[in-house]
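Residue-level structural notes
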Amino acid sequence: MNSTMQSHQLTVTSLMTRGARVFAQSEVITWQGEAARHSTYAQVAERAARLANLLTSMGVEPGDRVATLAWNNQEHLEAYLAIPCMGAVLHTLNLRLTPQQLVHIVNDAQDRVVIVDASLVPLLAAIREHLPTVEHVIVVGEGDTTALGEHVAYDDAISGQSSEYAWPEIDELSAAAMCYTTGTTGDPKGVVYSHRAIWLHCFGVWGAFGLDESARLLMIVPMFHVNAWGIPYVAWMLGCTLLLPDRFLQPEPLCAFIKAEQPTFTGGVPTIFTGMLQHAQATGADLSSIKRAICGGSAVPRSLIEAFRDKLGIELIQAWGMTETSPLGCIAFPPAGIDPDEEMAWRSKTGRMVPGVDLRVVAEDGTELPWDGQSVGELEARGPWITGSYYGVEAPERFHDGWLRTGDVGVIDARGYLQITDRSKDVIKSGGEWISSVELENILAAHPAVAEAAVVGVADAKWEERPLAAVVLRAGAEASPEDLRSFLDGKVAKWWLPERWTFVDELPKTSVGKQDKKLLRQQYAEGKFDVREAGKAAR
Ligand code: AMP
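None of these values were measured; they are calculated from a predicted model. Sequence positions are assigned chain by chain, starting from 1 and proceeding in written order. For this predicted model, a pLDDT threshold of at least 70 governs which residues receive local features, and a threshold of 80 or more governs which side-chain atom pairs are given and counted, while totals over whole chains, interfaces and linings are taken from all residues. Heavy atoms throughout the structure, all of them, feed into the side-chain values; hydrogens and water do not.

Quick word on the overall build of the protein
A run of H or I in DSSP counts as a helix once it spans at least four residues, and a run of E counts as a strand once it spans at least two, with each numbered from the N terminus. Counting its regular elements, the protein contains 16 helices and 27 strands. Relative to the 2.2 N^0.38 estimate, which gives 24 Å for 539 residues, the radius of gyration of the protein is 24 Å and therefore close to what a compact globule would have. For the protein, the C-alpha atoms occupy an extent of roughly 70 × 65 × 50 Å along the three principal directions. Whether a residue is buried, partly exposed or exposed follows from its accessible area with a 1.4 Å probe, protein chains only, as a fraction of its type maximum: under 20%, in between, or over 50%, in that order. Counting across all 539 residues of the protein, residues that qualify as buried make up 56%. What makes two residues a contact is simply this: any of their non-hydrogen atoms within 4.5 Å. Pairs at least 24 apart in sequence give 68% of the contacts found in the protein among residues at least 6 apart. Total accessible area on the protein is roughly 22500 Å²; 49% of this is exposed by carbon and sulfur atoms. Under this rule, positive means Lys or Arg and negative means Asp or Glu; His and the chain ends count for nothing. Charge placement uses NZ in Lys and CZ in Arg. For Asp and Glu, CG and CD serve respectively. Of the side chains in the protein, 46 bear a positive and 68 a negative charge, and the two mean positions are spaced by 5 Å. Throughout, radius of gyration means the C-alpha value; the globule benchmark is 2.2 Å times the number of residues raised to the power 0.38. All accessible areas in this document rest on Shrake-Rupley with a 1.4 Å probe, and a residue is counted as covered only by the protein chains that are shown.

So, the side chain of serine 326
Looking at the secondary structure, you find serine 326 in the loop between strand S14 (315–321) and strand S15 (328–331). Its relative accessible area of 6% is what places serine 326 among the buried residues. In this structure, serine 326 is in contact with Tyr193, His201, Val226, Trp229 and Trp385, ignoring residues within four places of it in sequence.

Describing the nonpolar core
The biggest cluster of nonpolar side chains holds 94 residues, and the ones touching the most others in it are Leu55, Phe209 and Leu359. Examining the composition of this core, we find that nine residues originate from one element, helix H2 (residues 41–57), more than from any other. In this structure, leucine 359 is in contact with Trp320, Cys330, Met353, Trp371, Leu379, Glu380, Ala381, Trp403, Ile412 and Leu418, ignoring residues within four places of it in sequence. Among the buried residues, those of types Ala, Val, Leu, Ile, Met, Phe, Trp, Tyr and Cys that are joined through side-chain atoms within 4.5 Å form a nonpolar core. Counting 57 residues, the second largest nonpolar core, distinct from the first, contains Ala125, Cys255, Met276 and Ile290.

Description of unusual backbone geometry
Going from serine 326 to proline 327, the amide bond is cis rather than trans, its omega being 10 degrees. Tracing the backbone through its elements, the reader meets proline 327 in the loop between S14 and S15. Positive phi, normally seen in glycine, also occurs at alanine 228, with a value near 50 degrees. Looking at where alanine 228 falls in the secondary structure, it is placed in helix H8 (residues 226–229). Owing to a relative accessible area of 0%, alanine 228 belongs among the buried residues under this scheme.

A few points about the sheet that holds strand S7 (residues 152–153)
Strands belonging to one sheet form pairs held by backbone hydrogen bonds; the direction of such a pair is parallel or antiparallel. Two strands pair under a simple rule: DSSP has to find at least two bridges between them. Here we have seven strands laid out as an open sheet, ordered S7-S6-S5-S3-S4-S8-S9, and mixed in their pairing. The open sheet is flanked by S7 and strand S9 (190–194), the only strands paired with a single partner.

Examining the packing of aromatic side chains
Centres within 6.5 Å make a pair out of two Phe, Tyr or Trp rings, where for Trp the six-membered ring is used; the pair is then stacked when the planes are under 30 degrees apart, edge-to-face when over 60, and tilted otherwise. Counted by the stated rule, this structure contains eleven aromatic pairs. For a Lys NZ or an Arg CZ to count as sitting over a ring, it must be within 6 Å of the ring centre and within 35 degrees of the ring normal. The ring of phenylalanine 487 carries lysine 491 above its face, with NZ or CZ at 3.9 Å from the centroid.

As for the UniProt feature "domain: AMP-binding enzyme C-terminal" (unreviewed entry) in the protein
UniProt positions are given in the numbering used here, feature names are shortened, and annotations may be inferred rather than shown by experiment. The UniProt feature table records "domain: AMP-binding enzyme C-terminal" (unreviewed entry) at residues 439–514. Note that residues 439–514 is 20% helix and 33% strand, and that its end C-alpha atoms are spaced 16 Å apart.

Some remarks on the site of the ligand
Definition of nearness: a residue and a molecule or strand are near each other if at least one heavy atom of the residue lies within 4 Å of the molecule or strand. In the vicinity of the ligand, 15 residues are found, and the nearest of them are Ala319, Thr323, Asp408, Arg423 and Lys514. Under this definition, polar contacts are N or O atom pairs within 3.5 Å; protein pairs additionally need one hydrogen-donor-capable and one acceptor-capable atom, and for neighbouring residues in sequence, both atoms have to be side-chain atoms. Between threonine 323 and the ligand, the recorded distance is 2.6 Å, taken from a side-chain N or O atom to an oxygen atom. Lysine 514 places a polar side-chain atom, nitrogen or oxygen, 2.7 Å from an oxygen atom of the ligand. In the complex, 90% of the free accessible area of the ligand, which totals 500 Å², lies under the protein chains. In terms of residue count, the dominant contributor to the shell around the ligand is S14 (four residues). The classification used treats Ala, Val, Leu, Ile, Met, Phe, Trp, Tyr, Cys and Pro as nonpolar, Asp, Glu, Lys and Arg as charged, and all other residues, Gly among them, as polar. Split by residue class, the shell around the ligand holds four nonpolar, eight polar and three charged.

Digging into the domain arrangement of the protein
Bear in mind that the domain bounds are from an automatic or database domain assignment. The assigned domain composition of the protein is domain 1 (9–26 + 39–200 + 223–238) and domain 2 (426–533). For domain 1 and domain 2, the distance between their C-alpha centres works out to 40 Å. For this document, the term salt bridge refers to a Lys or Arg side-chain nitrogen within 4 Å of an Asp or Glu carboxyl oxygen. Linking domain 1 with domain 2 are zero salt bridges. Taken together, the links from domain 1 to domain 2 amount to one residue pair in polar contact (both at pLDDT 80 or more). When grouped by side-chain class, the residues that make up the side of domain 1 that touches domain 2 number one nonpolar, five polar and one charged.

Structural notes on the environment of alanine 235
Tracing the backbone through its elements, the reader meets alanine 235 in helix H9 (residues 231–238). Separated by 19 residues in sequence, alanine 235 and arginine 216 have C-alpha atoms that sit 9.3 Å apart. Setting aside residues up to four positions removed in sequence, alanine 235 forms contacts with Tyr41, Leu217, Cys240 and Leu242.

A closer look at the pattern of salt bridges
For the structure on display, the rule yields 29 salt bridges. With a closest N to O distance of 2.6 Å, glutamate 441 and lysine 517 form a salt bridge. One end of the pair, glutamate 441, is in helix H14 (residues 437–445); the other, lysine 517, is in helix H16 (residues 517–525), and 76 residues separate them in sequence. For the pair formed by glutamate 441 and lysine 517, the shared burial category is buried.

Remarks on the sheet that holds strand S27 (residues 532–533)
Reading across from one edge, S24-S25-S26-S27 is the order of the four strands in this open sheet, with mixed pairing throughout. Each end of this open sheet is capped by a strand with a single partner; those strands are strand S24 (450–460) and S27. Relative to strand S26 (residues 500–503), strand S25 (residues 464–473) runs parallel, the two sharing four bridges. Bridge pairing links leucine 468 to arginine 500 in S26. Fitting a line to C-alpha atoms yields each axis, with helices limited to the stretch in contact; the angle taken between N-to-C directions then spans 0 to 180 degrees. Sheet strands in contact with helix H15 (residues 481–488) are S24, S25, S26 and S27, and its direction is about 120 degrees off that of S26.

The structure is reproduced here in structure tokens:
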């Protein structure tokens with residue numbers, strides 16, 4: 001029997017037209033270093049229509065890729081609205097990739113137009129001659145563009161266009177946006193988001209983050225990576241005040257923006273929040289307008305969640321996701337009705353799977369493991385906003401019976417909470433047993449002398465692999481390997497305690513600010529570290 005419901009396509013256009021009409025007076029605020037630029041949703045929507053007309057005049061057709069190389073600002077939001085709604089595909093370029101990677105992904109996606117921020121023109125100019133598919137370049141803002149060759153200026157070019165655009169009917173399954181993975185192994189692979197996936201993900205994020213029109217939403221998480229967790233579309237759908245920090249992402253200007261514009265909600269990776277915490281403690285900067293912050297992208301140490309609660313009065317909520325999962329998969333709110341003493345233990349988990357996302361852990365032979373909070377296996381995901389393939393490449397090894405193999409390793413408990421213990425390529429297998437680098441790092445991060453720590457597996461004659469801890473100490477602080485070993489002692493199994501320690505000024509990072517453990521292992525293998533020994537491997 002058929003239902004009586006209308007068949008209605010789930011498209012970004014429906015989100016866009018709703019925001020423009022229902023929340024015409026809501027604001028988009030972009031920080032400019034000293035002061036903010038304010039625009040209404042009505043103005044942003046009008047400029048998005050002008051941009052769509054400009055792109056049409058450049059010959060952009062449905063399905064064509066239009067790239068952005070840009071920070072979080074109003075023009076980037078205009079591109080987020082115009083490009084998918086005209087039927088083209090928004091391809092956000094990660095400005096921290098190497099020039100070689102950028103060349104690879106622009107050519108792989110066959111981008112026809114690039115919208116570039118003036119501050120990033122040198123990056124594009126350096127590779128421009130290697131981008132044969134790019135026919136037009138549009139530069140946002142002021143700057144020296146002489147090295148770039150032919151291009152148009154964004155404001156000038158859109159001002160000559162009509163402020164009306166006949167947005168087409170779009171098939172919900174067609175491509176709206178794409179983003180490349182940032183894995184440290186192999187070439188980046190393209191993930192293509194459909195209108196439907198973005199629409200459904202929006203509703204998932206809305207529910208999970210607990211947002212409404214009153215939120216003043218500071219979007220720190222970059223718009224060049226995984227659609228900024230879908231936040232631009234969720235905010236627009238709900239009429240939130242959107243606060244965009246542009247390129248001012250260091251703790252000092254961020255705190256100035258917070259003081260000036262009083263956000264109530266934010267989202268970002270642990271590194272950013274660690275920096276903000278240290279800055280606030282050192283300077284007394286007032287972050288108290290923020291009530292809730294979502295933190296993900298890598299494991300969030302319990303000590304950071306506690307410090308945010310105790311020192312700043314901010315509820316820091318851990319979430320998990322990846323480029324391939326749009327990204328929201330899990331969020332770590334504690335279960336209802338638990339004892340307040342236990343709350344932090346739940347908040348420190350990776351998170352509970354959100355409605356719409358199915359997760360499971362599987363053993364090496366592919367069999368599903370029980371949800372007992374103990375059985376460690378590779379995490380697999382499926383759902384309407386999880387990718388089922390990669391753009392233009394066969395990668396059968398990344399899928400398993402219709403599930404995405406995430407490459408993360410962890411456990412799921414009876415209530416659907418996930419605890420990630422490692423990336424599969426980073427797991428440490430010592431004497432046949434797994435040691436969780438994530439857990440060791442989280443505990444080390446709570447030591448008062450430690451600014452940051454990474455633990456990787458290195459070859460060992462007896463145990464095959466043993467953990468090496470690479471530690472960045474806080475400015476002026478001191479700690480010996482013995483101090484740190486005894487700090488870990490009692491908190492993890494004895495045989496997990498690393499015997500190899502090295503103290504470094506900084507840890508290598510990937511283009512999205514995650515620890516680059518592959519490089520760390522390589523640096524160790526090349527003898528680049530001064531390794532200090534402490535204790536013996538216990539068994
Ligand atoms: P990306 O596709 O660059 O966003 O990276 C996704 C990966 O980041 C995941 O597969 C995880 O390895 C890692 N990640 C994201 N959130 C978390 C989290 N809360 N805890 C641990 N790892 C995380």
